[in-house]
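One letter stands for each residue in the lines below.
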Amino acid sequence: MDTRSLSPHRPLNRQDCKTLFLAALGGALEFYDFIIFVFFAVVLGKLFFPPSMPDWLSQLQTFGIFAAGYLARPLGGIVMAHFGDLMGRKRMFTLSIVLMALPTLAMGMLPTYHEIGMAAPLLLLAMRILQGAAIGGEVPGAWVFVAEHAPARHTGFACSVITSGLTIGILLGSLIATAINLAFSPQQIADWAWRVPFLVGGVFGLVAMQLRQWLHETPVFAEMQARKALAEELPLKTVLKKHKAAVALSMFVTWFLAISIVVAILMAPAYLQKQFGLPAVDTLRANSLAIVALTLGCLVAGVSSDRLGSGPTFIGGSLLLAASSYAFYSSMAAHAGQLYTLYPLLGFSVGIVGAVPLVMVRAFPPQVRFSGLSFSYNVAYAFAGGLTPILLSIWLKYDALAPAYYLMLQCLIGLLVGCYLLFAGRKAGSAALAQEG
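Cut-offs applied
- Counting of residues starts from 1 at the beginning of each chain's written sequence and follows it residue by residue.
- Restriction of local features to residues with pLDDT of at least 70 applies here, the model being predicted, together with a cutoff of 80 or more for giving and counting side-chain atom pairs; totals for whole chains, interfaces and linings are based on all residues.
- To get the side-chain values, take all heavy atoms of the structure and skip hydrogens and water.
- Secondary structure is summarised from DSSP: a helix means a run of H or I of at least four residues, a strand means a run of E of at least two, and numbering begins at the N terminus for each.
- In this description, contact between two residues means that some pair of their heavy atoms is separated by no more than 4.5 Å.
- Two rings from Phe, Tyr or Trp (for Trp, the six-membered ring) form a pair when their centres sit within 6.5 Å of each other. Planes less than 30 degrees apart are called stacked, planes more than 60 degrees apart edge-to-face, and all others tilted.
- When a residue's accessible area, from a 1.4 Å probe over protein chains only, is under 20% of the maximum for its type it is buried; when over 50% it is exposed; and in between it is partly exposed.
- Lining residues are defined by having an atom within 4 Å of a point belonging to a cavity or pocket. Those points lie on a 1 Å grid over the protein atoms alone, cavities being sets where a 1.4 Å probe fits but cannot get out and pockets being open sets with protein on both sides within 12 Å along at least five of seven lines.
- Grid points are joined across faces, edges and corners, and a volume is the space filled by probe spheres set on the points.
- Lys, Arg, Asp and Glu make up the charged group, whereas Ala, Val, Leu, Ile, Met, Phe, Trp, Tyr, Cys and Pro make up the nonpolar group; the residues left over, Gly among them, are polar.
- Only C-alpha atoms enter the line fits that serve as axes; for helices the fit covers just the stretch in contact. Angles between N-to-C directions range over 0 to 180 degrees.
- When an angle is under 35 degrees it counts as roughly parallel; over 145 it counts as roughly antiparallel; between 65 and 115 it counts as roughly perpendicular; any other value is oblique.
- What makes a crossing left-handed is the near helix being turned counterclockwise from the far one by less than a right angle; a clockwise turn instead makes it right-handed.
- Surface patches are drawn from residues lacking salt bridges whose relative accessible area is over 30%; two like charges belong together within 9 Å, two nonpolar side chains (Val, Leu, Ile, Met, Phe, Trp, Tyr) within 5 Å.
- Where accessible areas are quoted, they stem from the Shrake-Rupley method and a 1.4 Å probe; at the residue level, only the protein chains shown are allowed to cover.
- The term salt bridge refers to a side-chain nitrogen of Lys or Arg lying within 4 Å of a carboxyl oxygen of Asp or Glu.
- Side-chain atoms within 4.5 Å link the members of a nonpolar core, which is a set of buried Ala, Val, Leu, Ile, Met, Phe, Trp, Tyr and Cys residues.
- Every helix has an expected span of 1.5 Å times one less than the residues it contains.
- Note that the bend at a residue is defined as the angle between axes fitted to the seven residues ending at it and the seven residues starting at it.

**Some points on the environment of Asp 33**
Relative to the helices and strands, Asp 33 is located in helix H1 (residues 14–39). Considered as a pair, Asp 33 and Gly 202 are 169 residues apart in the sequence and their alpha carbons are 7.3 Å apart. Those residues within four positions of Asp 33 in sequence are excluded, and the remaining contacts are Met 100, Ala 101, Thr 104, Gln 131, Gly 201, Gly 202 and Gly 205.

Structural data, given as structure tokens:
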């Protein structure tokens, strides 16, 4: 029994807001630690591989190390979720941020290839794998944690606050990378300034760890523990045996989330520069505005899920994302003058991903919720995040509007999910009325 059902209509209180703030702040700082690597990939490639190595090869290997973090996500997420379902949400929620902060801090102090040879990239790879394991537990853990703290009628908003926090982490990384490049010369950055963002990120993480000590175990887990209603067998085994439909639904919405973020937010600046020759400074500024709009869009999607339901929210959000995607990319191909108008609109539309965690949280029962959500999310994200850049690069050889069409295909998934949720919700409502009658 979910303890929130005892008072499903109560408003958010002061303790709820404190929990949301601390959880979102920690998520933002941890996601900053995870993505700051990519903003300094060029510098890292030159410092951690032999000078005689061709630039393209050192960059390929550097991005390979970056990708290793994504590949480590499922394993880290599954392990932490397992113990989160058996030992408590708070313990794993705190562990994830420690596991992120310490490797990030270590990255800022690593010796380079010039100092220790091939041991340098191997150490960098090891730290990146630890970061991936940490983020694999952080995101699902944060959604489950706040969902089990918030009153039932505000669960969507609570989860969307966490999602917004993650987008702020991306923005923070972009802003700090820009500040470092403006404040120091390329030689200073190569000599020592590249270490600053990693050291700052490590300190951020340790501060966030201390802040999370103020959080309390979720009422849902505490009640299960008191009633000795925890999972009797391996939680993931139960998920795969009894909750296949929930896993499939969660993977579909994660695929939708991952591709929307990767294509519209992470890949778009480089695409605009390469495909249409737009100045880097313009694309990065517009990208920052789009991330701010994305943060707002996530909150709107969360509130809409609470008030209208997940089905209507996914249907309306998918249609808006499809329309804004086509408008943005077709406009850039014809005339880039509307960059600062259409890109933020696209970013806001991508905010439909703020409705995703509520669907996953509600798909699994509390006993295996962390494991089910973590497995579905991390496995689907690893595939979507890894395959999308490759598929899109091939498609772009044949059509400059490939990103628009790719996003529109994902919107079809969003529409189908929305229709399924709408039908399932009406069916459940009819069953409830029949029982009352």
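**Topic: the packing of aromatic side chains**
On inspection of all chains with the given rule, the structure shows 13 aromatic pairs. Their ring planes at 85 degrees and their centres at 5.7 Å tell us that Phe 48 and Trp 194 sit as a pair that is edge-to-face. Residue Phe 48 is found in the loop between helix H2 (41–47) and helix H3 (55–71), and its partner Trp 194 is found in the loop between helix H9 (186–193) and helix H10 (195–212); the two are separated by 146 residues along the sequence. Accessibility assignment for this pair places Phe 48 and Trp 194 in one class, buried. Ring pairing ties together the aromatic residues Tyr 271, Phe 276, Phe 328, Tyr 329 and Tyr 343, which thus form one cluster.

**A few points about empty space enclosed by the protein**
Under the definition given, this model contains four cavities of 30 Å³ or more. Here the largest cavity defines a volume of roughly 140 Å³. Mapped by element, the contributors of at least two residues to the lining of the largest cavity are helix H8 (155–183), helix H13 (244–266) and helix H19 (369–396). With four residues, the single largest contributor to the lining of the largest cavity is H8. Tallied by class, the residues present in the lining of the largest cavity amount to nine nonpolar, two polar and no charged.

**Some thoughts on the packing of H13 against helix H18 (residues 356–363)**
Between H13 and H18, the least distance of the axes is 9 Å, while the angle of their chain directions is 170 degrees. Considered as vectors, H13 and H18 are oriented roughly antiparallel to each other. Relative to H18, H13 is oriented so that their crossing is left-handed. Residues Ala 246, Leu 249, Ser 250, Val 253, Thr 254 and Leu 257 of H13 form the contact with H18, whose participating residues are Val 356, Val 359, Met 360 and Ala 363. Of the residues belonging to the contact of H13 with H18, the class tally is eight nonpolar, two polar and no charged.

**Observations regarding a nonpolar patch on the surface**
Taken together, the side chains of Leu 75, Val 79, Phe 83 and Met 87 present a nonpolar region at the surface, about 350 Å² in accessible area. For Phe 83, a relative accessible area of 36% gives the class partly exposed.

**Quick look at the nonpolar core**
Ranked by size, the top nonpolar core spans 99 residues in total, and within it Phe 48, Trp 143, Phe 314, Phe 328 and Tyr 329 carry the most contacts. Excluding residues within four positions of it along the chain, Phe 314 makes contact with Val 253, Phe 256, Ile 352, Ala 355, Val 356, Val 359, Gly 414, Val 417, Gly 418 and Leu 421. Judged by nonpolar contacts, the second largest core, of eight residues, contains Leu 236, Val 239, Phe 364 and Phe 375.

**Thoughts on the packing of helix H7 (residues 119–147) against H8**
In contact at an axis separation of 8 Å, H7 and H8 are set at 150 degrees when each is read in the N-to-C sense. Taken together, the axes of H7 and H8 are roughly antiparallel relative to one another. H8 is crossed by H7, and the crossing has right-handed handedness. Facing H7, whose interface residues are Val 139, Ala 142, Trp 143, Val 146 and Ala 147, H8 presents Thr 155, Ala 158, Cys 159, Ile 162, Thr 163 and Leu 166.

**Digging into H18**
The element H18 is largely enclosed, with a buried count of six among its eight residues. Taken together, the buried positions of H18 are Val 356, Pro 357, Leu 358, Val 359, Met 360 and Val 361.

**So, the environment of Ser 325**
Mapped onto the elements of the fold, Ser 325 is located in helix H16 (residues 310–334). Here Ser 325 falls in the buried class, since its relative accessible area comes to 0%. Counting along the chain gives 86 residues from Ser 325 to Cys 411, while the straight-line C-alpha distance between them is 9.9 Å. Ignoring sequence-local partners within four residues, the contact set of Ser 325 consists of Leu 346, Ala 404 and Leu 407.

**Focus: H1**
Two residues of an α-helix separated by three or four positions point the same way, owing to the 3.6 residues in each turn. The end-to-end C-alpha distance of H1, which contains 26 residues, comes to 37 Å, matching closely the 38 Å that a straight helix rising 1.5 Å per residue would cover. For H1, the principal kink sits at Asp 33 and spans about 30 degrees.

**Let's talk about the environment of Pro 197**
Looking at where Pro 197 falls in the secondary structure, it is placed in helix H10. As for Pro 197 and Phe 40, which are separated by 157 residues in sequence, their C-alpha atoms are 9.4 Å apart. Ignoring sequence-local partners within four residues, the contact set of Pro 197 consists of Tyr 32, Ile 36, Phe 40, Ile 176 and Ile 180.

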